[in-house]
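If you want the building blocks of each chain, they are given just below.
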2 protein chains.
Amino acid sequence: MGLLVVGSVALDSVFTPFGETADALGGSAVYFSVAGSLLTPVRVVGVVGKDFPTAELDALATRGIDWSGVAHADGESFRWKGKYSYDLQSRETLETRLGVFADFDPRLPDGFRDASYVFLGNIDPELQLSVLKQVRTPRLIACDTMNYWISSKREQVLELLSRVDILMVNDTEARELSGDWNIHRAGRWILDRGPKRVVIKQGEYGAILVEPGRTFYVPAFPLEEVFDPTGAGDAFAGGFLGYLARTGQASDEAMRRAMVYGATMGSYAVAGFGVKGFERVELGHVLERVRKFVDLTHVPMAERIE
Amino acid sequence: MGLLVVGSVALDSVFTPFGETADALGGSAVYFSVAGSLLTPVRVVGVVGKDFPTAELDALATRGIDWSGVAHADGESFRWKGKYSYDLQSRETLETRLGVFADFDPRLPDGFRDASYVFLGNIDPELQLSVLKQVRTPRLIACDTMNYWISSKREQVLELLSRVDILMVNDTEARELSGDWNIHRAGRWILDRGPKRVVIKQGEYGAILVEPGRTFYVPAFPLEEVFDPTGAGDAFAGGFLGYLARTGQASDEAMRRAMVYGATMGSYAVAGFGVKGFERVELGHVLERVRKFVDLTHVPMAERIE
């Protein structure tokens, strides 16, 4: 039972045209769990250094996030520093200090091994594969990856693809992985490697769910203010899997609804620096935004088309 | 009654990574009418030179396009030559020869002045305004414009905005017009200048319909092969207004359906060089693709959201 995420727990320093943060709570597992915990309890596996402000994690525990799978290792916590362009469309990594994350070896506490819904955040594909060996009877496994692993550990990424249900990547990653610039052909290429579904995220343009013979599209929420795109993809994954875990569903129809919950969480992520976009967000707000999302693409076609 | 378009009738030479054309039939009024005529008869006002291959226009007349408002002037026809980037995301104009289009002064034949649905293609805003004086009791007026007019004839563009129902532009134009990079704020800025609605086209990412307090999103059709984006925006306009003229509608719901018909026509436009993407396309195909579009964003939310 339950929802599990394995990924980074980090300290981010982000510069955007609208402000900046220094050593703010971040990392894929944090964004995923902050979003997902609005829908269902989330268990996290990760690692932090002795310098980590654990009080911030403790504060989030009250939302239903179980941090007991996060190891505390000797050394510095994972830090990332990045700068966004004026239109937030691209970013440059200024500094990556892996610290204790360099030797991360995910170990699931016994109580976590019965997880039904599993998200493998963007870490070394060999570690993602090792997590798969530790979960007993997962119902649905989704994973992320990035250009670094696609080029440096391609074989392991392909091995991973043959073992997961859903790959969730951004369009650049889908193109690099498949070697095809056309996003729909890229999606089909990935499907041919094993996953039943591919979610391709396109930032401010929304996200696509590619399935054999069928495609679903969810736009990004129309926001007049966007502050910090960091973590939007992981928040999307948290909403997506959080919805499925909450409802215990895995049908085609549920996947479409999960996409909308994912896009909803992505819209909160970008509305504030770090995880601040989620402050004061409660389940009622989420459901209200989901309804707005459904209206955003609703075509009133009840009448005969002619 | 009826649908009227005023715009360019041109000869395009287009280079893409997948092939090229030389002096092929093109121009905003051509793309608009080829698309729109799949749904309803279209009347065209434009100008060509003595060198124009009028047989190509005559062949299209059988589709229900009335070219009797196209003047034949002494001189060369309007020619445009452009080259697309490897991913078709950007293009460079290699040559523009206005020819007879430089002195274009749109004169509506008497029989055209009762048009109910009017599209003002991308021409000098002063000419667009002059067309508005010639139509008697239009029900809906939509117009396009471009960066060149936004910077060189800004006052006239703003005057035009105060007199049309719908502005249809791409995202770059909306940003340049409003001076705001956020597309949703840009849309609201434009609404404040007069139009009841703004359609912002985003190429392969689809198009947005911005209305006061409400937004609608239609994606682009998932195509595994795209050959030539030229004319997609005008084909979109032809589908949009063609649907409204065909059904005699102008309701909020009809506008959403019109967006889907617009996106459908855009998908045919990019599937072939010039207007070739429309070869062999019949109404039945259009309706079938419209159904697929509706499925593309359909969220099965009949059950209670929770």
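Residues numbered from 1 in each chain as written. Chains lettered and ligands numbered in written order. Predicted model: local features only at pLDDT ≥ 70, side-chain atom pairs only at ≥ 80, totals over all residues. Heavy atoms only, no water.

**Things to note about the sheet that holds strand β1 (residues 3-6) of chain B**
All names here are of chain B. Pairing is mixed in the open sheet, where nine strands are placed in the order β6-β5-β1-β9-β10-β11-β12-β13-β14. The two strands at the open ends of the sheet, each matched to only one other strand, are β6 (65-73) and β14 (214-218). Put simply, the sheet's adjacent strands are angled 20 degrees from each other on average, direction ignored. (Pairing = 2+ DSSP bridges. Helix = DSSP H or I, 4+ residues; strand = E, 2+ residues; numbered from the N terminus. Axes fitted to C-alpha atoms, helices over the stretch in contact; angles between N-to-C directions.)

**Some thoughts on the relation of the copies chain A and chain B**
Take chain A, turn it by 180 degrees, move it 0.0 Å along the axis, and it overlays chain B with an RMSD of 0.0 Å. What the superposition gives is, in effect, a two-fold axis relating one chain to the other. Comparing contact sets, 100% of the residues at the interface of chain A also lie at the interface in chain B, consistent with an isologous, same-surface contact. (Least-squares fit on C-alpha atoms with pLDDT ≥ 70 in both. Contact = heavy atoms within 4.5 Å.)

**Comments concerning the environment of G99(A)**
Along the chain, G99(A) falls in the loop between β8 (91-97) and β9 (117-120). Through-space distance from the C-alpha of G99(A) to that of A73(A) is 9.6 Å; in sequence the pair is 26 residues apart.

**Here we look at the nonpolar core**
Membership of the largest hydrophobic core comes to 223 residues, with the highest contact counts inside it found for F240(A) and F240(B). Those residues within four positions of F240(A) in sequence are excluded, and the remaining contacts are I166(A), M168(A), V199(A), M255(A), A258(A), M259(A), Y261(A) and G262(A). (Core = buried A, V, L, I, M, F, W, Y, C linked by side-chain atoms within 4.5 Å. Buried < 20%, exposed > 50% of the residue type's maximum accessible area, 1.4 Å probe, protein only.)

**Thoughts on the pairing of β9(A)**
Residue and element names in this part refer to chain A. Side chains Y117 and F119 of β9 all project onto a buried face; the interleaved residues V118 and L120 project onto the opposite face, where all are buried too. Relative to β9, strand β1 (residues 3-6) runs parallel, the two sharing four bridges. Bridge assignment links V6 to a residue of β9, and that residue is L120. Judged from the four bridges that link them, β9 and strand β10 (residues 140-143) form a sheet pairing that is parallel. When the bridges of β10 are listed, Y117 appears paired with L140. This β-α-β element, β9 to helix α3 (residues 125-134) to β10, shows right-handed connectivity. (Right-handed = clockwise from strand over helix to strand, strands pointing away.)

**What to know about the packing of helix α1 (residues 28-36) of chain A against helix α8 (residues 232-247) of chain A**
All names here are of chain A. Viewed as axis vectors pointing N to C, α1 and α8 meet at an angle of 40 degrees, and their least axial separation amounts to 7 Å. Our classification of the angle between α1 and α8 gives oblique. Judged by the sense of rotation from one axis to the other, the crossing of α1 with α8 is right-handed. Every residue of α8 that contacts α1 at S28, Y31, F32, A35 and G36 is listed here: D234, A235, A237, G238, G239, L241 and G242. When the residues that make up the contact of α1 with α8 are grouped by side-chain class, the tally is six nonpolar, five polar and one charged. (Parallel < 35°, antiparallel > 145°, perpendicular 65-115°, else oblique. Left-handed = near helix turned anticlockwise from the far one by under 90°. Nonpolar A, V, L, I, M, F, W, Y, C, P; charged D, E, K, R; others polar.)

**Considerations on the interface of chain A and chain B**
In this complex, chain A contributes 44 residues to the contact, which on the side of chain B involves 44 residues. Buried area between chain A and chain B, both sides added, is near 4200 Å², and the carbon and sulfur share of it is 57%. At the junction of chain A with chain B, the criterion picks out eight salt bridges. Salt-bridge contacts for R185(B) lead to E225(A); the nearest nitrogen and oxygen are separated by 3.5 Å. Where chain A packs against chain B, one counts 20 residue pairs in polar contact (both at pLDDT 80 or more). Listing elements by their share of the side of chain A that touches chain B, those giving two or more residues are α6 (171-178), α7 (183-191), β14 (214-218), α8, α9 (252-269) and α10 (283-296) of chain A. Sort the elements by how many residues they give to the side of chain A that touches chain B and α10(A) lands first, with six residues. Along the lines of polarity and charge, the residues of the side of chain A that touches chain B split into 19 nonpolar, eight polar and 17 charged. (Buried area = accessible area lost by both parts, 1.4 Å probe. Salt bridge = Lys/Arg side-chain N within 4 Å of Asp/Glu carboxyl O. Polar contact = N/O pair within 3.5 Å; in protein donor to acceptor, adjacent residues only side chain to side chain.)

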